[in-house]
Amino acid sequence: MTGFLGGLTAAIVTLGLLAGAVSHAARPAALGEALRAHGVLGPRLLRFAAAVLPFAEGALGAAGAVALPTGHQRGLQAVLTAAACLFGLYAGYTRHALALGRGGPCGCSHEDVPLSRWVTWRAAALAGLALAGAVLAGAGPVRLSAAELVTLILAATACTVLLWSLPAAMHEPAAAAVHRPGRATVPHPTDPAVHRPAAAAVHHPTDDAVHHPTGATVHRTAEGVSTRWTSPPAP
């Protein structure tokens, strides 16, 4: 199990280094533009970092890709130790730039991913994985079966993709203004401008003659009893 975990951490770090090198190669000016936008480094140090860091990522990634499958214990341990220092440097720099209130792109991708705390956390996670892999690599060479090797490759690829896409996935752009149609104004019941229809006049009969809905006249006695149920009046 220790060998599998050591191989997994080493593979994630190696793939992360190669992903960074490929991103810088796809857009070479991205890192320099990002460092210039941050305004933290001086001109000479900025040019040095923009030229050396992509080369360092590519060299360490290639060395790790060779040392890991061949079981070169000391070579892998040296690569992971250097990668821990490199990613730790990235985490410290981005944390310092954010503390100063500087913005701009992160410079770690060919896409315009803004500098955020997620960039710092990703670099810190990769630094921790590299340090753990260096410690585990010192315990002995990684020897895996064919099934374990396939599982390791799939797991390392998935973890690297998740870590690499973390800043872009967690980026929250400013919400665009959404036009909402205005609602129709509904007069308040107490508004004097509201026209209320007058109540229909209800006729309450007071005389003895009550008109039946059918049109026939119904005669009632003085006591209010319909003459329909009484004898007709005497002539």
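Worth saying up front: this structure is predicted, and the values here are computed from it rather than measured.

(A) Representation of the nonpolar core in the model. Counting residues in each nonpolar core, the largest one holds 33 residues, and the members touching the most others are Val13, Leu17, Leu76 and Phe87. Those elements that place two or more of their residues in this core are helix H1 (2–26), helix H2 (29–38), helix H3 (43–70), helix H4 (73–99), helix H5 (117–137) and helix H6 (146–164). Here this core takes nine residues from H4, the largest share from any one element. Ignoring sequence-local partners within four residues, the contact set of Phe87 consists of Val13, Gly16, Leu17, Ala123, Leu126 and Ala127.

(B) View of the layout of surface pockets. Its boundaries defined by the atoms lining it, the largest pocket holds a volume of some 490 Å³. Lining of the largest pocket is provided by 26 residues; of these, Leu31, Leu53, Leu89, Tyr90 and Tyr93 occupy positions nearest its centre. The leading source of residues in the lining of the largest pocket is H3, at six residues. Residues belonging to the lining of the largest pocket are distributed by class as follows: 19 nonpolar, five polar and two charged. Taken as a whole, the second largest pocket holds about 310 Å³ of empty space. Taken together, 15 residues make up the lining of the second largest pocket; nearest its centre are Leu68, Pro69, Leu149, Leu152 and Ile153. Looking at the lining of the second largest pocket, the elements that each hand over two or more residues are H1, H3 and H6. Of the residues forming the lining of the second largest pocket, the biggest block, five residues, is contributed by H6. For the lining of the second largest pocket, the class distribution of residues is 11 nonpolar, four polar and no charged.

(C) Focus on the confidence of the model for the protein chain. Considering every residue of the protein chain, the mean pLDDT works out to 78; 70% of them sit at 70 or more. Ranking the helices and strands of the protein chain by mean pLDDT puts H4 first, with 94, and strand E1 (residues 210–211) last, with 48. Across residues 175–182, confidence stays below pLDDT 50; counting only partners more than four residues off in sequence or on other chains, it has zero contacts. Note on residues 206–214: pLDDT under 50 across the span, and 13 contacts to partners over four residues away in sequence or across chains.

Cut-offs applied
Residues numbered from 1 in each chain as written. Predicted model: local features only at pLDDT ≥ 70, side-chain atom pairs only at ≥ 80, totals over all residues. Heavy atoms only, no water. Core = buried A, V, L, I, M, F, W, Y, C linked by side-chain atoms within 4.5 Å. Buried < 20%, exposed > 50% of the residue type's maximum accessible area, 1.4 Å probe, protein only. Helix = DSSP H or I, 4+ residues; strand = E, 2+ residues; numbered from the N terminus. Contact = heavy atoms within 4.5 Å. 1 Å grid on protein atoms, 1.4 Å probe; cavity = no way out; pocket = protein on both sides within 12 Å on 5 of 7 lines; lining within 4 Å. Points joined across faces, edges and corners; volume = space filled by probe spheres on them. Nonpolar A, V, L, I, M, F, W, Y, C, P; charged D, E, K, R; others polar. pLDDT = per-residue confidence, 0-100.

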